[in-house]
Structures are given as C-alpha cells and as structure tokens.
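Listed here are the chains, written in short residue letters.
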Amino acid sequence: MKFVITGGAGFIGSNYLHYVVNKYPDDEFICIDALTYAGNYNNIKDLSSMSNFKFIKANICDREKIIDIFKQEKPDYIINFAAESHVDNSIKNPNLFVETNIIGTMNLMNAARIIQDEGIHKIKRFHQVSTDEVYGDLPLDRPDLLFTENTPIHTSSPYSASKAGADLQVLAYARTYKLPVTISRCSNNYGPYQFPEKLIPVVISKALKDEPIPVYGTGENIRDWIHVYDHNVGIDLIVRNGKEGNIYNLGGHSEKTNLELVKIILKELNKPESLITFVTDRPGHDLRYAIDSTKVEKELGWTRTYSFEEGIKSTIEWYVQNQEWIDDIKSGKYKYSYEDNNEKE
C-alpha cells in the first residue's frame, strides 16, 4: 500500500513516520511538507535512507502541485497532519489558519476526487488528524464531564475554528462525494521533536537556562496529555481498521493544570519554582480539555503505552540531550537542512 503523509516533517507527523516506516517495510510512505517555520527536515532526515520512504517538498495550499503529486504517486491512503496549530499565532494571523487548515484540507480531498473521477486511482481512505479543541472547553468544577465523539463542536479560537471547519468539510465530502474518510481528535501531545514554541519544550528550555517561565493567568487551566507515540499508534489503527465515516477520540487520561505541569518539569530538572512568572491570560483561553477514548479502545483495541510519569521523564531527557536541535531552530539553521542535502528546486 502507498501512503501520503502531509505535514510529515512536523512534530506529530515526523513521529508517525518514524513509527510506520520501520513497522511496515512493505508499504510505501511519501512525506509531503512545505517546510515552513514548524516543519523541520532534520526530524525525518534519518528516514531518507529507507527504501520505503520518499520526501516531496510541497505546500497543501498549492492546489495544482498537489493534484500533480497525486496523479503521479497514486496513493491508497492520505493522512493529513499538515496544519497551522499554535493558538497564539492564530489570534495574531487567523487568515493563515483558514488557508492552511481549511483550504489546504479541501485541496487534498479535491485531488483525491480528481484521480478517482478520472479513473487514475481509487483512494482507500482519507484521514484527517484533528484536535479536541474543536469541542471547546469543559468547566473546571465538573471532573465527571469528558469530550465524546458526540460532543457538539463549540470552538474558542481561530485555530480551533479552522480545524472544526476542516472536519466539517471532510464529513461533507464523505456524504456528498462518497470519499472514504475517518477523523481522529486528540488531546494535547508531548514527546520528541515538538517545535519549541509549545508549552513543554518552552518550560524545559527556559528552566535549563534559569530563565523566567511564563504561565498564563493563574495556571489553573487543565489539559489532558497524551504521548505522541500513543497518539500515532491510535492513528495507525484508525486508518487501517476504523469504520469509514467515523470520528475517533484519542486521549491520554492524564489531566494536569498548566501550573502543575510546570512544577513537575521543574522538579525533574531540579530547578526552583521561583522561575515561574504569571503573565496576562490568553484571550478566550479554554478552561479544561478531557477526552473519552472508550470508542477507539473498544472498537479497535487501542491502549496507551506511556503513563504520564514515564512519558514526561523520557520527554525531558530527550530535550536535555537535544538542546542543539532547539538551538538550530532558534538560529534558523534547520531551514537550510533540506536544500543542503537535495537539489534546489
């Protein structure tokens, strides 16, 4: 089988590729990534020697380029990780999130439709990687409440609205054009290769340098954390065995307040809590996320490998040992890694 993985040089996508390229040597995996600011070719560079892996530099917003790629490669499966994902950035530039997350997703589905309608190749599955943020938030004083696949969409930020818009388009294409689709919605991911603008790598990097660590508001907002490996095992199960047209939630069952998370990292690094600095809260900041994963657990047998305690320790260790990776990102060196090792387009 041939898989097209969009956004495969990003955090979750690169971890997915490391998992599947090695697990399925008889399948082919084509990574499409625009290598924008959060796409890092160094994340997948070591896969370039694998016979079942191929990288194509392209942007999912480039409709004609995507159609050409699909006509040439004839993918059986398309998994869309490509997205603008940082909430703060969506508040500053919401248009970019609409272009990438909604229009880009539609470009991929339209390309899939075109190669089917023209009799070139039939798609077995289009999978949309989404987020629990499309559900909005839950109250802090109701720990019994969880997001299920039937929870209504109720977005809070331009980011979550763009992801919800993409999800609705995916479901519309399934009904209108009979495109075989699935959607997964996950809680907050952590693990190696996460771009250093996100909370956990920010805390680790600043703590190692004894710099102030910003925490929004009072730090009482709650997030459910899932290790990126467990998330990707779930995606693989859904893509291969999930029911067409279905949505599946993937959660970590590891709820932590932001302040609690920061203190856990500081303790692991033997750094003082005095580094914590409370800053003005984010506009529209969601209070609590919590995922019910019962459906994917019962239907597909998905289980989590990492406890939060094990996962956060291994994650901290990875960032401590790979500070050069973060420094290269901050200096901009990583931007040239692809061009330095491939012919310029």
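Notes on the structure follow. (Residues numbered from 1 in each chain as written. Predicted model: local features only at pLDDT ≥ 70, side-chain atom pairs only at ≥ 80, totals over all residues. Heavy atoms only, no water.)

## Thoughts on the sheet that holds strand β7 (residues 188-190)
Reasoning step 1: Taken together, the 3 strands give an open sheet; going across it, the order is β7-β9-β11, and neighbouring strands pair in mixed fashion. Among the strands making up the open sheet, the edge pair consists of β7 and β11 (255-257). The average angle at which neighbouring strand axes cross in this sheet is 50 degrees, direction not considered.
Reasoning step 2: Alignment of strand β9 (residues 222-227) against β11, held across 3 bridges, turns out to be antiparallel. Looking at the pairing, R223 lines up with K256 of β11.
Reasoning step 3: Taken strand by strand, helix α7 (residues 228-241) contacts β7 and β9, and its axis lies near 70 degrees from that of β9.
Reasoning step 4: Running at roughly 90 degrees to β11, helix α8 (residues 258-268) makes contact with β9 and β11 of the sheet. (Pairing = 2+ DSSP bridges. Helix = DSSP H or I, 4+ residues; strand = E, 2+ residues; numbered from the N terminus. Axes fitted to C-alpha atoms, helices over the stretch in contact; angles between N-to-C directions. Contact = heavy atoms within 4.5 Å.)

## Comments concerning unusual backbone geometry
Reasoning step 1: Positive phi is not limited to glycine here, since L35 has a value of about 55 degrees.
Reasoning step 2: Its location among the elements puts L35 in the loop between β2 (28-33) and β3 (53-57).
Reasoning step 3: Of note in this structure, D210 is not a glycine but carries a positive phi near 55 degrees.
Reasoning step 4: Looking at the secondary structure, you find D210 in the loop between α6 (199-208) and β8 (213-216).

## Brief notes about α7
Reasoning step 1: Counted at 1.5 Å a residue, the expected span for α7 with its 14 residues is 20 Å, and the 20 Å between its end C-alpha atoms agrees.
Reasoning step 2: Most of α7 is tucked away: 10 of the 14 residues are buried.
Reasoning step 3: For α7, the complete set of buried residues consists of V228, D230, H231, N232, V233, G234, I235, D236, I238 and V239. (Expected span 1.5 Å × (residues − 1). Buried < 20%, exposed > 50% of the residue type's maximum accessible area, 1.4 Å probe, protein only.)

## Quick notes on empty space enclosed by the protein
Reasoning step 1: Enumeration over the complete set of coordinates arrives at 2 cavities of 30 Å³ or more.
Reasoning step 2: Considering only enclosed or pocket space, the largest cavity measures out at about 50 Å³ in volume.
Reasoning step 3: If you go around the largest cavity, the residues you meet are V87, E133, S156, S157, R282, P283, G284, H285, D286 and Y289.
Reasoning step 4: Grouping the constituent residues of the lining of the largest cavity by class yields 3 nonpolar, 4 polar and 3 charged.
Reasoning step 5: Space inside the second largest cavity adds up to approximately 30 Å³.
Reasoning step 6: Every residue lining the second largest cavity is listed: Y190, W225, I226, H227, D230, G252, S254, R304, Y306 and F308.
Reasoning step 7: By residue number, the principal contributor to the lining of the second largest cavity is β9, which donates 3 residues.
Reasoning step 8: Split by residue class, the lining of the second largest cavity holds 5 nonpolar, 3 polar and 2 charged. (1 Å grid on protein atoms, 1.4 Å probe; cavity = no way out; pocket = protein on both sides within 12 Å on 5 of 7 lines; lining within 4 Å. Points joined across faces, edges and corners; volume = space filled by probe spheres on them. Nonpolar A, V, L, I, M, F, W, Y, C, P; charged D, E, K, R; others polar.)

## So, the packing of α8 against helix α10 (residues 308-321)
Reasoning step 1: Look at α8 against α10: their axes get within 11 Å of each other, and the N-to-C directions meet at 60 degrees. By the angle class used here, α8 and α10 are oblique. The two elements α8 and α10 cross, and the hand of that crossing is right-handed. Mapping the contact onto sequence places L261, I264, I265 and E268 in α8 and F308, I312, K313 and I316 in α10.
Reasoning step 2: Across the contact of α8 with α10, the residue classes tally to 6 nonpolar, no polar and 2 charged. (Parallel < 35°, antiparallel > 145°, perpendicular 65-115°, else oblique. Left-handed = near helix turned anticlockwise from the far one by under 90°.)

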